[in-house]
Amino acid sequence: MKCKEIVKILEQLSPGKYACEWDNVGLLVGRKDKEIHRIMIALDASKDVVTRAVKENVDMLITHHPMIFSAIKQINEEQFIGEKVLSLAEKGICYYAMHTNFDSVGGMAELAAGERYLNLSDMHPIHISNEACAEDGQGMGRYGRLPKPMTAEQVSEYVKERFGLSFVILYQSEEQKDKVFEKIAVMPGSGKSDMKKVVREGYELYLTGDYGHHDGIDAMDMGLTVIDASHYGLEHIFVNYIAEHLENMLNGSDVQIVEADIGGPARVI
């Protein structure tokens, strides 16, 4: 099966038109006519993942986060991104990224908030990223109702269990520690930029990642409780989901799918 046929399957799931303008999605390295026999799925095209892809002789690497975001003026071994591009290109490995298009459609938020993980009800998007999303009622993140009323600590334990995490970080003021929540806003990845919108929409519990000390204080001052499950924590589900999707779509073909969920970049010691 050719690379362009795999790309067609992925773009039927999450069309590129739903990506943010600043994003860089699609086939970033490689030839469309390359014959694909072995595909690796990962969250990031880190050096460890690229090295593994080369070592395991895959023909195509698919990640959520794009390895290339901004313009690159040099492709050589002295630039760490250039080195990874060279490693893939020299082995003829095609590289495809599906980022904010997958966040909006088909898709990260729907998967994280849906029955398989958080099992929310009455869901609708938080962030409408472009005109295509607005026209089709699509978007990133989800507002929704929890399966049952819970305190923030209970929701934190629920998130850890459902996403297979060893820790989350809870930002909550003293006056809210015993509060029972019935609804939640969920933004897989980094959701700091939507914090004020979440508050304006009347939500007091926010599950996301990439919060820092000052962001957490700002949230608490606004009456918002934040569960930071890390950027990796809510998005590593991409790997297994895309692997299963391709296996279903490619049923009967000789294409092998390899999952490379190598864990988050940070550890709590």
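Conventions we followed
Residues numbered from 1 in each chain as written. Predicted model: local features only at pLDDT ≥ 70, side-chain atom pairs only at ≥ 80, totals over all residues. Heavy atoms only, no water. Helix = DSSP H or I, 4+ residues; strand = E, 2+ residues; numbered from the N terminus. Buried < 20%, exposed > 50% of the residue type's maximum accessible area, 1.4 Å probe, protein only. Contact = heavy atoms within 4.5 Å. Pairing = 2+ DSSP bridges. Axes fitted to C-alpha atoms, helices over the stretch in contact; angles between N-to-C directions. Patch = residues over 30% accessible without salt bridge, like charges linked within 9 Å, V, L, I, M, F, W, Y side chains within 5 Å. Areas by Shrake-Rupley, 256 points an atom, 1.4 Å probe, with all protein chains shown as cover. Salt bridge = Lys/Arg side-chain N within 4 Å of Asp/Glu carboxyl O. Lys, Arg positive; Asp, Glu negative; His and termini not counted. Charge placed at Lys NZ, Arg CZ, Asp CG, Glu CD. Left-handed = near helix turned anticlockwise from the far one by under 90°. Nonpolar A, V, L, I, M, F, W, Y, C, P; charged D, E, K, R; others polar. Right-handed = clockwise from strand over helix to strand, strands pointing away.

Asker: Teacher, can you tell me more about the environment of Tyr-117 here?
Answerer: Examined against the element boundaries, Tyr-117 turns out to sit in the loop between α5 (108-113) and β5 (121-124). For Tyr-117, a relative accessible area of 11% corresponds to the buried category. Setting aside chain neighbours within four positions, we find Tyr-117 in contact with Leu-111, Ala-112, Tyr-158, Arg-162, Phe-163 and Ile-237.

Asker: Explain the sheet that holds strand β4 (residues 94-97) to me, please; I cannot follow it from the model alone.
Answerer: What holds strands together in a sheet is hydrogen bonding between their backbones, with the strands either parallel or antiparallel. If you walk across this open sheet you meet the 5 strands as β1-β4-β3-β2-β11, and the pairing is mixed. Each edge of the open sheet carries a strand with a single partner, namely β1 (26-29) and β11 (256-259). The sheet shows a mean angle of 25 degrees between the axes of neighbouring strands, direction not considered. Of the strands in this sheet, β2 (38-42), β3 (60-63) and β11 touch helix α2 (residues 47-55), which is tilted by about 165 degrees from β2. Running over the sheet, helix α11 (residues 237-249) touches β2, β3 and β11 and is turned about 150 degrees from β2.

Asker: Just checking my understanding: could you explain the sheet that holds strand β7 (residues 169-171) for this structure?
Answerer: Reading across the sheet, the 6 strands line up as β5-β6-β8-β9-β10-β7 and stay open at both edges, with mixed pairing between neighbours. Each edge of the open sheet is held by one strand with a lone partner, namely β5 and β7. The sheet shows a mean angle of 30 degrees between the axes of neighbouring strands, direction not considered. Lying on the sheet, helix α7 (residues 152-163) is in contact with β6 (142-151), β7, β8 (180-190), β9 (205-209) and β10 (225-228); it crosses β6 at an angle near 110 degrees.

Asker: Looking at this model, I keep getting lost on unusual backbone geometry. Mind explaining?
Answerer: Trans peptide bonds make up most of the peptide bonds, and negative phi angles are found at most residues other than glycine. Positive phi outside glycine occurs at Asn-57, with the angle close to 55 degrees. Position of Asn-57 relative to the elements: it lies in the loop between α2 and β3. One non-glycine residue, Asn-119, adopts positive backbone phi at about 55 degrees. Mapped onto the elements, Asn-119 comes out in the loop between α5 and β5.

Asker: Would you explain a negative patch on the surface in this entry?
Answerer: Among the surface-exposed residues, Glu-77, Glu-78, Glu-83 and Glu-90 lie close enough to one another that they form a single negatively charged patch. Among the secondary structure elements, Glu-90 is positioned in helix α3 (residues 80-90). On the accessibility criterion, Glu-90 (63% relative accessible area) is exposed.

Asker: Explanation requested: the packing of helix α1 (residues 3-13) against α11 in the structure shown.
Answerer: Between two packed helices, what matters for the description is the angle formed by their axes and the separation of those axes. At their nearest, the axes of α1 and α11 sit 11 Å apart, and the two run at 120 degrees to each other. For the pair α1 and α11, the sense of crossing is right-handed. Seen from α1, the contacting residues are Ile-6, Ile-9, Leu-10 and Leu-13; seen from α11, they are Tyr-241, Ile-242, His-245, Leu-246 and Met-249. Tallied by class, residues from the contact of α1 with α11 come to 8 nonpolar, 1 polar and no charged.

Asker: Would you take a moment to explain the pairing of β9 for this structure?
Answerer: Residues in a regular strand project their side chains so that they alternate between the two faces of the sheet. Counting buried residues in β9 gives 5 out of 5 residues, a clear majority hidden from the surface. Neither face of β9 is exposed, since Leu-205, Leu-207 and Gly-209 on one face and Tyr-206 and Thr-208 on the opposite face are all buried. Note on the crossover from β8 through helix α8 (residues 195-200) to β9: the handedness is right-handed. Summarising the sheet, β9 and β10 pair through 4 bridges and their orientation is parallel. Residue pairing in the sheet places Thr-208 in a bridge with Asp-228 of β10.

Asker: Would you mind going over the pattern of salt bridges with me for this structure?
Answerer: A full pass over the atoms with the stated rule returns 12 salt bridges. The partner of Lys-34 in a salt bridge is Asp-59, and the shortest N-O contact between them spans 3.9 Å. With Lys-34 in the loop between β1 and β2 and Asp-59 in the loop between α2 and β3, the pair connects residues that are 25 residues apart, well separated along the chain. Taking the relative accessible area as the measure of exposure, Asp-59 reaches 13% and is therefore buried. Across the salt bridge formed by Glu-174 and Lys-177, the nearest N and O atoms sit 3.1 Å from each other. Where salt bridges share partners, they join Arg-38, Arg-52 and Glu-56 into one cluster.

No statement about biological role is implied by the geometric values presented.
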